[in-house]
Amino acid sequence: MNNPIEISGYKFSSPADRTTSPNTKFIKMKRICLIVATMLIGIQQAASQYQSDNLSIFQTDILPRFTSYFMSASQNESGHLLLSATDQYKNLSGESRKDVLDELVKSWEESFVIIIYDSESELWSWDSNTGGATRLDKWNADSDNMARNNGYSISKTALHPWFIYIGGQGQYSSDHQILAALNSRVGFYLLRDKWDFAWTLSMGASGIDSTALNFNINYGLMSKYYFPLRKIRLSPNVGIDVGNRVYINGDITNSSPYASALAGVSWFIGGGSLDLEFKIGDQFTTLLGYTFFPGPKKKKR
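## A look at helix H4 (residues 94–107)
In this model H4 runs 20 Å from its N-terminal to its C-terminal C-alpha over 14 residues, within 8% of the 20 Å that 1.5 Å per residue would give. The axis of H4 is deflected most strongly, by about 30 degrees, at Leu101. For H4, the complete set of buried residues consists of Arg97, Lys98, Val100, Leu101, Leu104, Val105 and Ser107.

## Let's talk about the pattern of salt bridges
Counting across every chain of the model gives nine salt bridges. Among the ionic pairs, Lys224 bridges to Glu277, the shortest N-O distance being 2.5 Å. Of this pair, Lys224 sits in strand E11 (residues 214–226) while Glu277 sits in strand E14 (residues 272–280), placing them 53 residues apart in sequence. The two residues Lys224 and Glu277 agree in class, both being buried.

## Regarding the sheet that holds strand E5 (residues 113–117)
The five strands lie next to each other as E3-E4-E5-E6-E7, forming an open sheet whose pairing is mixed. The open sheet terminates on both sides in strands that have one partner only, identified here as strand E3 (70–75) and strand E7 (132–140). In this sheet, adjacent strand axes meet at a mean angle of 25 degrees when their direction is disregarded. As paired elements, strand E4 (residues 81–85) and E5 share four bridges and run parallel to each other. Bridging from a neighbouring strand, Leu83 pairs with Ile115 of E5.

## So, the nonpolar core
Core analysis: the largest hydrophobic core is formed by 23 residues, its most contacted members being Phe70, Leu83, Leu101, Val113 and Ile115. At the level of secondary structure, the elements contributing two or more residues to this core comprise helix H2 (22–62), E3, E4, H4, E5 and strand E6 (120–127). Take this core: its biggest share by element is four residues, from H4. If sequence neighbours within four positions are ignored, Leu101 has contacts with Phe70, Tyr89, Lys106, Val113, Ile115, Trp124 and Ala133. In this structure, Leu82, Phe112, Ile114 and Leu136 belong to the second largest nonpolar core, which totals five residues.

## So, the pairing of strand E12 (residues 234–249)
As paired strands, E11 and E12 are joined by 13 bridges and run antiparallel to one another. Within the sheet, the bridge partner assigned to Leu221 lies in E12 and is Val242. Sheet topology note: the E12/strand E13 (residues 252–269) ladder contains 16 bridges and is antiparallel. The residue bridging Tyr247 from the neighbouring strand is Asn254, located in E13. Between E12 and E13, which pair antiparallel one after the other, the connecting turn spans two residues, and Gly250 there sits at a positive phi close to 65 degrees.

## What about the pairing of E11?
Sheet topology note: the strand E10 (residues 195–208)/E11 ladder contains twelve bridges and is antiparallel. Looking at the pairing, Gly204 lines up with Asn216 of E11.

## Points about the environment of Gln171
Mapped onto the elements of the fold, Gln171 is located in strand E8 (residues 162–172). For Gln171, a relative accessible area of 40% puts it in the partly exposed group. Note: C-alpha distance between Gln171 and Ala181 (ten residues apart in sequence) is 9.3 Å.

## Some words on the confidence of the model for the protein
Averaged over all residues, the pLDDT of the protein is 75; the fraction at 70 or higher stands at 69%. When the elements of the protein are averaged for pLDDT, strand E1 (residues 5–7) gives the smallest value, 35, and helix H3 (residues 87–90) the largest, 92. Low pLDDT, under 50, characterises residues 1–19; the stretch is placed with 47 contacts to residues that sit more than four places away or in other chains. Every residue in residues 296–301 scores below 50 in pLDDT, and together they form eleven contacts with partners more than four places removed in sequence or on other chains.

Thresholds, definitions, all that
Within each chain, residues carry numbers counting from 1 in the order of the written sequence. Totals for whole chains, interfaces and linings use all residues, but because this is a predicted model, local features are given only for residues with pLDDT of at least 70 and pairs of side-chain atoms are given and counted only at 80 or more. The side-chain figures draw on all heavy atoms in the structure; neither hydrogens nor water molecules are used. Runs of E in the DSSP output that reach at least two residues are strands. Runs of H or I that reach at least four are helices, and both are numbered from the N terminus. An expected span of 1.5 Å times one less than the residue number is assigned to each helix. The quantity called bend is, for any residue, the angle between two axes fitted respectively to the seven residues ending at it and the seven beginning at it. Note on classification: 1.4 Å probe, protein chains only; a residue is buried when its accessible area is under 20% of the maximum for its type, exposed when over 50%, partly exposed between these limits. Basic side-chain nitrogens of Lys or Arg form a salt bridge, by our definition, when they fall within 4 Å of a carboxyl oxygen of Asp or Glu. Note on pairing: DSSP must find at least two bridges between two strands before they are called paired. In this analysis an axis means a line fitted to C-alpha atoms, helices contributing only their contacting stretch, and an angle means the value between N-to-C directions, from 0 to 180 degrees. Residues grouped as a nonpolar core are buried Ala, Val, Leu, Ile, Met, Phe, Trp, Tyr and Cys residues, joined through side-chain atoms within 4.5 Å. Contact definition: two residues touch when any of their heavy atoms are within 4.5 Å. Per residue, pLDDT captures the predictor's confidence, and it can take any value from 0 to 100.

Encoded structure:
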């Protein structure tokens, strides 16, 4: 069987097709490095422009509705929204502050919100379980100890939540042809809801059930940048996937590096997200899976 078979983004071919010279591998590695560098620069520039545009929209369309409580809005190096509060905000009760932030945080889909007044600072975020804003932290710059909001101490897990992705495909045809693939990804968010990093591992097999099967193993690193649309629970994304492919056919084993551009969209439903992803590299593939977000659910208030 000389024609390659594509299954869930993985390509199976004859051993002769996999033989490459050292010079060819070197050229391929240089090409991969160039692709990765170009994509990283493009993603960084797109992310910076995206943040700048969204801050301008927030300052023009959203902030004027809250001028009684906030004087100005800016972003820090981490992309978090900084709001300078007025005396009227300082005089609000805790519940009244939450009512104000319920509306404001809903309009800011990008990151955490930090409210600053005098020497005090508050850290707010959107809680998808309660459908409203929640205060994660409060501190005084003039104090040695932070005054934590009861029950909402900030942690590395809150800032960088972990995720698990599992997908697969299986097929057995009438001519006894077997095709199977299992895809997995484990990672965490470098920037909450915006930028993730993951380790990837995929395995596949193909062949006739009466003969020895051909196997392949792909492992590598993947990173994506998201553009969340919270009101409709969608999050388009772009990213890169780099790694190594290992082909096993009997006693013959071959490997080769790879690099792919990624584009997709996530739909947040249930305790995770339904993900549709397109990979563009030496081949074009489509992947569909579900990402689970493990951890205890908060009680609705």
